[in-house]
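Chain and residue survey
Residues per chain are reported as follows:
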Amino acid sequence: MRNAQLKPGYNVQIAVDSEYIVAADMFQDRNDVWTLIPFLKYMEKELNFRYPSVTADSGYESEEAYSYLRETGQAPYIKPQTYERWKKRSFKKDISKRENMAYDKAIDTYTCYAGKKLHPIYIKKQKSRSGYAGGFWRGNLYRSLRSTVHGADPAVL
């Protein structure tokens, strides 16, 4: 390394049940997000048992992990990466954040504070490094139906 720091080329994972270590494994990937699913599969194979719930810190949060846990019938207790930001008063009062808007799942729209329905412009699919096709990124990809009617440029919105 140029800055004279050594960076580990591995990642050790441990699983704990009632303060006892029940499984441990080592991965070459330094990022936790890519180790959760292989570690859970390893645990299931070695223990011949699948835990009904999984508790993990925010480093393990991903759509792929949630999807895997849902498919295997395990309840996920994973702290969201944005949890600390969500707790701040400035975030809770920011009306531009979609987390602070009402969402209607049936018609896939958010309703802003002005009462306007925000419809999706497009849905972008991404493929993760492990091959999981998902990641419906919507970020700021919603616009008001009124702006569409009046011909506003969606790039400006």
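As a starting point, this report considers the structure included with it. (Residues numbered from 1 in each chain as written. Predicted model: local features only at pLDDT ≥ 70, side-chain atom pairs only at ≥ 80, totals over all residues. Heavy atoms only, no water.)

**A short note on the packing of helix α1 (residues 36-47) against helix α2 (residues 63-72)**
This is how it is decided: The axes used here are C-alpha line fits, helices contributing only the stretch in contact, and every angle between their N-to-C directions lies in the interval 0 to 180 degrees. Every helix listed is a DSSP run of H or I at least four residues long, and every strand listed is a run of E at least two residues long, numbered separately from the N terminus. Oblique is the label for any angle not under 35 degrees, not over 145, and not in the 65 to 115 range, which are roughly parallel, roughly antiparallel and roughly perpendicular in turn. The contact criterion used throughout is that any non-hydrogen atoms of two residues lie within 4.5 Å.
Remark: α1 packs on α2, axes separated minimally by 10 Å, with the N-to-C direction vectors making an angle of 30°. Here α1 lies roughly parallel to α2, going by the angle between them. Residue-level contacts link Leu36, Ile37, Leu40, Lys41 and Glu44 of α1 to Glu64, Ala65, Tyr68 and Leu69 of α2.

**Thoughts on the pattern of salt bridges**
Put simply, the rule is: One speaks of a salt bridge when a side-chain nitrogen belonging to Lys or Arg is within 4 Å of a carboxyl oxygen belonging to Asp or Glu. Here's how the labels work: a residue is buried when its accessible area is under 20% of the maximum for its type, exposed when over 50%, partly exposed in between, all with a 1.4 Å probe on protein chains only.
All chains considered together, the criterion is met by 1 salt bridge. Taking the shortest distance from any N to any O, the salt bridge between Glu44 and Arg50 comes out at 2.8 Å. When its relative accessible area of 36% is taken as the criterion, Arg50 is described as partly exposed.

**A closer look at α2**
Burial in α2 covers these residues: Glu64, Ala65, Ser67, Tyr68, Leu69 and Thr72. Tucked inside the fold, the buried residues of α2 contact α1, β3 (53-56) and β4 (75-78). Positive backbone phi, approximately 75°, marks Gly73, located one or two places after α2.

**Concerning the pairing of strand β7 (residues 117-120)**
Put simply, the test is: Think of it this way: DSSP has to see at least two bridges between two strands before they count as a pair.
Alignment of strand β6 (residues 109-111) against β7, held across 2 bridges, turns out to be antiparallel. For Tyr110, the partnering residue across the bridge sits in β7 and is Leu118. Remark: 5 residues form the turn of the hairpin made by β6 and β7, two consecutive strands paired antiparallel; Gly115 in that turn has positive phi of roughly 90°.

**Notes on the packing of aromatic side chains**
For clarity, the cut-off: Two aromatic rings, drawn from Phe, Tyr or Trp (for Trp, its six-membered ring), form a pair once their centres lie within 6.5 Å of each other, and the interplanar angle then sorts them: stacked below 30 degrees, edge-to-face above 60, tilted otherwise.
Counted according to the given criterion, the structure contains 4 aromatic pairs. Taking 6.3 Å as the distance between ring centres and 20° as the angle between the ring planes, the aromatic pair formed by Phe39 and Tyr42 counts as stacked. One end of the pair is Phe39 and the other is Tyr42, both in helix α1 and 3 residues apart, which spans about a single turn. A relative accessible area of 5% places Phe39 in the buried class. Residue Tyr42 is classed as partly exposed on the basis of its relative accessible area, which comes to 27%. For the ring pair Phe49 and Tyr51, a centre distance of 4.8 Å and an interplane angle of 85° mean the geometry is edge-to-face. With a relative accessible area of 42%, Phe49 lands in the partly exposed category.

Honestly, that's just the spatial picture; any functional story needs more than this.
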